[in-house]
Amino acid sequence: APQPSAHVALLPSAGMGHLTPFLRLASSLVSLDCHVTLLRPLPVVSSAESLQFSDFLSSHPTVHCLDLHLLPFDPSSANSTDPFFLQFESISRSAPVLLPQLLDPLEPKPSALVTDISLASSVAPVSRARLHLPCFVLFTASASMLSFCASFPKTDNIPGSPFIDRLTIPPVLRDPNNLFTQQFSNNGATLAATDGVLVNTFDALEPRALAALNRGEVLEGLPRVSAIGPLMPLERKRGGSARARARELEWLDGQPERSVVYVSFGSRTALSEAQIKELARGLERSGFRFMWVIKTKVVDKEDEEGLEGLFGDGFMERVKERGLVVKDWVEQEEILAHGAVTVFMSHCGWNSVTEAAMHGVRVLAWPRIGDQRINAGVVEAAGMGRLLKGWEWGCGGEKVVAGEVVEEALREIMEDASVGACAARVREEAVRTVGVGGSSHESLAGLIEKWSK
Ligand code: BUP
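Would you explain the sheet that holds strand β2 (residues 35–42) in this entry?
Whether parallel or antiparallel, the strands of a sheet pair through hydrogen bonds between backbone atoms. Across the sheet, seven strands lie side by side as β3-β2-β1-β4-β5-β6-β7; this open sheet has parallel pairing. Strands with a single pairing partner mark the edges of an open sheet, and in this sheet they are β3 (64–69) and β7 (225–227). Taken pair by pair, the neighbouring strands of this sheet meet at an average axis angle of 25 degrees, ignoring direction. Summarising the sheet, strand β5 (residues 135–139) and strand β6 (residues 196–199) pair through four bridges and their orientation is parallel. Its bridge partner being in β6, F136 is matched across the sheet by G196.

So this is what it looks like as structure tokens:
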């Protein structure tokens, strides 16, 4: 058999938004004959992550998984209570000690280490100086967010991303003492000392941001930024055999083409109870068909409340003919791929945006935290979606958006053929870019060639 062309070690970080693109990259590398060593920080934060790891490993038996058992870490010493930020810190502190122990004995030696951006400042120096491995960063958000990260603490006039300003930046970054602000700033400052940056985006989605990054307009000394997205979803297999068709997909099978609004705010943001009630009212008033994936807790393990208690006024009964409300983990990518879905009311986590782009689904953007408002700017600039009218930070949480506003926003985006046409064009470009000869395909092939030498 031919020898694998390159051996790449991958170090993902915490949360589905970070893990998902790593596993997708791992899968693409395997299909391009690379040998992959996957470093798994343990324990993980959420049930979704454990399941994702075990599913992935059983369907990718050639991937070599090494467990990185995190060293004890006292969270009370860090200025944050966010379980995911605390986990970034814990992995960052453990990695410099554990990576040599795990990677030194490997034969053949990896030719490169790809780390998550949230770990870059602690991993890149060890990778180069101690492991003698070139260090690449997988940036798990948009190229616009990468520009912002590379420019930080500067927060406006970011080249190639005119929609970034003081109002769109994540509020947490206004506190210089917050743990996340410090991590973000250190990781951004490390970018120029890495060997390359991979981004899950593509030329047609963020042409100006990518051009500005690679022309050196954003940060002098930034290495090559390779757009390798949209990263392809994993094949849905569990234990090697095909799974039964999920209830959500069966429900969609029974709905007319392009009639359904899919509503989800991602794996780690919960709406307030008052907002859940107003959103329900808006969906009901709109008269549209909908599928709503509800999360009421930041970490899924703590989410035990039943659906009934959330609405409690006969809502479920009244909408049962045209609405499905789900509390479990769903296969979102397959939902967005379904022909019945036409609008995605989304928090604009970057994976969600790339999945909508891949399937030509319009986005009604309702950002909640972090990079999501900047990602919503990308969605608007590409024409594939709209920002919820009157949006401001905190809406959905402490500020409640009225049902009437939701209703009107849904009606507008459903009726706007130009958004639909843009979304369809973005989809065509996404398909083209990952095909042989497409720019994302060629970028990944170029990296593999580099790693094979
Ligand atoms: Br919820 C949910 N099923 O039920 P994002 C999410 N997903 O497949 P996030 C499901 O998780 P950050 C569900 O398709 C996407 O690939 C979804 O990543 C999938 O947002 C991923 O969109 C979620 O980036 O993370 O989880 O809020 O805030 O880190 O971006």
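Just checking my understanding: could you explain unusual backbone geometry for this structure?
Comment: phi is negative for the bulk of residues other than glycine, and the bulk of peptide bonds are trans. Geometrically, the link from E107 to P108 is a cis peptide bond, its omega value of 0 degrees lying close to zero. Mapped onto the elements, P108 comes out in the loop between α3 (83–103) and β4 (112–116). Of note, the phi angle at R258 is positive, near 45 degrees, even though the residue is not glycine. Turning to its location among the elements, R258 is positioned in the loop between α8 (247–253) and β10 (260–264).

Would you take a moment to explain the environment of P207 for this structure?
Secondary-structure assignment places P207 in helix α7 (residues 207–214). Judged by relative accessible area, which is 47%, P207 ranks as partly exposed. As for P207 and A143, which are separated by 64 residues in sequence, their C-alpha atoms are 9.2 Å apart.

Mind showing me how you'd approach the site of the ligand here?
As a matter of local geometry, the ligand sits amid 18 residues, with S267, V330, N351, S352 and E355 nearest to it. With respect to the ligand, the side chain of S267 contributes an N or O atom lying 2.4 Å from an oxygen atom. Between the ligand and W350 there is a distance of 3.4 Å, counted from an oxygen atom to a backbone nitrogen or oxygen. The protein chains hide 96% of the 630 Å² of surface that the ligand would expose on its own. Elements represented by at least two residues in the shell around the ligand include exactly α1 (16–31) and α13 (350–359).

Help me understand the pairing of strand β13 (residues 341–346) in this model?
Two faces make up the sheet, and in a regular strand the side chains alternate between them. Taking burial as the measure, the six residues of β13 include six buried ones, the bulk of the element. For β13 and strand β14 (residues 362–365), the ladder comprises four bridges, and the chain directions are parallel. The partner of V343 across the bridge, within β14, is R362. Note that the unit made of β13, α13 and β14 has a crossover that is right-handed.

Whenever I open this one, α3 confuses me. Can you help?
The α-helix advances 3.6 residues per turn, and as a result positions three or four apart in sequence lie on the same side. Maximal helix bending in α3 amounts to about 50 degrees, located at A95; proline P96 follows within four positions. For α3, the buried fraction is high: 16 of the 21 residues fall into the buried class. One side-chain oxygen of the residue at the start of α3 lies 2.7 Å from the amide nitrogen of F84, identifying that residue as D82.

What is the right way to look at the pattern of salt bridges in this model?
Here the idea is simple: oppositely charged side chains can pair when their charged atoms come close. All chains considered together, the criterion is met by 22 salt bridges. A salt bridge links E392 to K399; the shortest N-O distance between them is 3.6 Å. Looking at K399, the relative accessible area reads 37%, which means it is partly exposed. Among the salt bridges present, the one from R411 reaches E407, with a minimum N-O distance of 3.2 Å. Here E407 and R411 lie together in helix α15 (residues 403–415), a separation of four residues that amounts to about one turn. For R411, a relative accessible area of 30% corresponds to the partly exposed category. Here E407 falls in the buried class, since its relative accessible area comes to 12%.

What is the right way to read the sheet that holds β14 from this model?
In space, the six strands of this open sheet follow the order β12-β11-β10-β13-β14-β15, with parallel pairing throughout. Each edge of the open sheet carries a strand with a single partner, namely β12 (323–326) and β15 (385–387). Pairwise comparison of adjacent strand axes, ignoring direction, gives a mean angle of 15 degrees for this sheet. Alignment of β10 against strand β11 (residues 289–293), held across five bridges, turns out to be parallel. Paired with V263 across the strands is W292, a residue of β11. Running over the sheet, helix α9 (residues 273–286) touches β10, β11 and β13 and is turned about 160 degrees from β11.

What is the right way to look at the packing of α1 against helix α17 (residues 439–452) in this model?
Packed helices, taken two at a time, are described by the angle between their axes plus the distance between the axes. Where α1 meets α17, the closest approach of the two axes is 11 Å, and the angle between their N-to-C directions is 70 degrees. With respect to α17, the axis of α1 lies roughly perpendicular. Remark: the crossing between α1 and α17 carries right-handed chirality. Contact with α1, carried on its side by L25, S28 and L29, involves L444, I448 and W451 of α17 and no other residues of that element.

For this particular structure, what's the right way to read the nonpolar core?
Nonpolar side chains in soluble globular proteins tend to end up buried together. Membership of the largest hydrophobic core comes to 107 residues, with the highest contact counts inside it found for F148, L279, W292, F311, W366 and M384. The greatest single-element share of this core, amounting to six residues, is contributed by helix α5 (residues 143–151). Counting 31 residues, the second largest nonpolar core, distinct from the first, contains L25, A26, L198 and L231.

When you look at the packing of aromatic side chains in this model, what are you seeing that I'm missing?
Any two aromatic rings considered together are summarised by their centre-to-centre distance and by the angle between their planes. This structure, assessed with the given rule, holds 13 aromatic pairs. Pairing F136 with W451 gives two aromatic rings, centres 5.3 Å apart and planes at 80 degrees, and the pair type is edge-to-face. In this pair, F136 sits in strand β5 while W451 sits in helix α17, placing the two residues 315 residues apart along the sequence. We note that F136, like W451, is buried. Note on W391 and W393: the rings are 5.0 Å apart at their centroids and 70 degrees apart in plane angle, and the pair reads as edge-to-face. Residue classification places W391 among the buried positions, given a relative accessible area of 13%. For W393, a relative accessible area of 14% translates into the label buried. The aromatic ring of F53 is capped on one face by R40, whose charged end is 5.6 Å from the ring centroid. The ring of W391 has R373 sitting right over it, with the charged end atom 5.4 Å from the ring centre.

About the criteria used
- Residues numbered from 1 in each chain as written.
- Predicted model: local features only at pLDDT ≥ 70, side-chain atom pairs only at ≥ 80, totals over all residues.
- Heavy atoms only, no water.
- Pairing = 2+ DSSP bridges.
- Helix = DSSP H or I, 4+ residues; strand = E, 2+ residues; numbered from the N terminus.
- Axes fitted to C-alpha atoms, helices over the stretch in contact; angles between N-to-C directions.
- Buried < 20%, exposed > 50% of the residue type's maximum accessible area, 1.4 Å probe, protein only.
- Near = heavy atom within 4 Å.
- Polar contact = N/O pair within 3.5 Å; in protein donor to acceptor, adjacent residues only side chain to side chain.
- Areas by Shrake-Rupley, 256 points an atom, 1.4 Å probe, with all protein chains shown as cover.
- Right-handed = clockwise from strand over helix to strand, strands pointing away.
- Bend = angle between axes of the 7 residues up to and from the residue.
- Salt bridge = Lys/Arg side-chain N within 4 Å of Asp/Glu carboxyl O.
- Contact = heavy atoms within 4.5 Å.
- Parallel < 35°, antiparallel > 145°, perpendicular 65-115°, else oblique.
- Left-handed = near helix turned anticlockwise from the far one by under 90°.
- Core = buried A, V, L, I, M, F, W, Y, C linked by side-chain atoms within 4.5 Å.
- Phe/Tyr/Trp six-rings, centres within 6.5 Å; stacked < 30°, edge-to-face > 60°.
- Lys NZ or Arg CZ within 6 Å of the ring centre and 35° of its normal.

That's the geometry; what it means functionally is another story.
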